[in-house]
Amino acid sequence: RLTRLEKHDSWQYNALLDVQRGLQTITNTLSEMQKKQEEATVATARSALYRLSQEILAKGYMSQIEYDCFKELYDVYIENHGNHSMKDKIAPKVFALEIKD
């Protein structure tokens, strides 16, 4: 009977190890997917922010809708760890402009 219990304990231990490895694989995969999604979000937002900022800065002012779009996209960009050239150089110039409707 003791031998049978030891076999069962060993089987149970190995089964738990398999579950642990499976969970670790899932965790790693989700982390990689999240990182790739953040990178794609940043790249897309950077491109859109740059184009929009160039249009706004060329006019020298912006509409409320342009401000709202820029601000919303900028917040997403920063939240997803966008670089600081947008934060330190371009965005302050845009946010300093007058809003005209």
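Reading the values: rules and limits
Residues numbered from 1 in each chain as written. Predicted model: local features only at pLDDT ≥ 70, side-chain atom pairs only at ≥ 80, totals over all residues. Heavy atoms only, no water. Helix = DSSP H or I, 4+ residues; strand = E, 2+ residues; numbered from the N terminus. Rg over C-alpha atoms; globule rule 2.2 N^0.38 Å. Buried < 20%, exposed > 50% of the residue type's maximum accessible area, 1.4 Å probe, protein only. Contact = heavy atoms within 4.5 Å. Areas by Shrake-Rupley, 256 points an atom, 1.4 Å probe, with all protein chains shown as cover. Lys, Arg positive; Asp, Glu negative; His and termini not counted. Charge placed at Lys NZ, Arg CZ, Asp CG, Glu CD.

**Q** Quick one: what's the story with the overall build of the protein, residue by residue and with numbers?
**A** From N to C terminus, the protein includes three helices and two strands. Seen in sequence order, the protein has helices and strands lined up from the N terminus as α-β-α-α-β. Its C-alpha atoms give the protein a radius of gyration of 26 Å, more than 25% over the compact-globule value 13 Å for 101 residues. Along the first, second and third principal axes, the C-alpha set of the protein runs to 85 × 20 × 15 Å. When each of the 101 residues of the protein is scored for burial, the buried share is 19%. Expressed as a percentage of contacts within the protein between residues at least 6 apart in sequence, the contacts between residues at least 24 apart total 73%. If you sum the accessible surface of the protein, you get close to 7800 Å²; carbon and sulfur atoms cover 56% of it. Of the side-chain charges in the protein, 14 are positive and 15 negative, and the distance between the mean point of each set is 7 Å.

**Q** Go over the environment of Ala58 with me, naming the residues and quoting the values.
**A** Counting through the fold element by element, Ala58 comes out in helix 1 (residues 2-59). Taking relative accessible area as the criterion, Ala58 reaches 68% and is therefore assigned exposed. The sequence separation of Ala58 and Val19 amounts to 39 residues, and the corresponding C-alpha distance is 58 Å.

**Q** An account of unusual backbone geometry is needed here, citing residue identities and associated values.
**A** In this structure, His81 takes a positive phi of about 70 degrees despite not being glycine. Within the secondary structure layout, His81 lies in the loop between helix 2 (64-79) and helix 3 (84-95).

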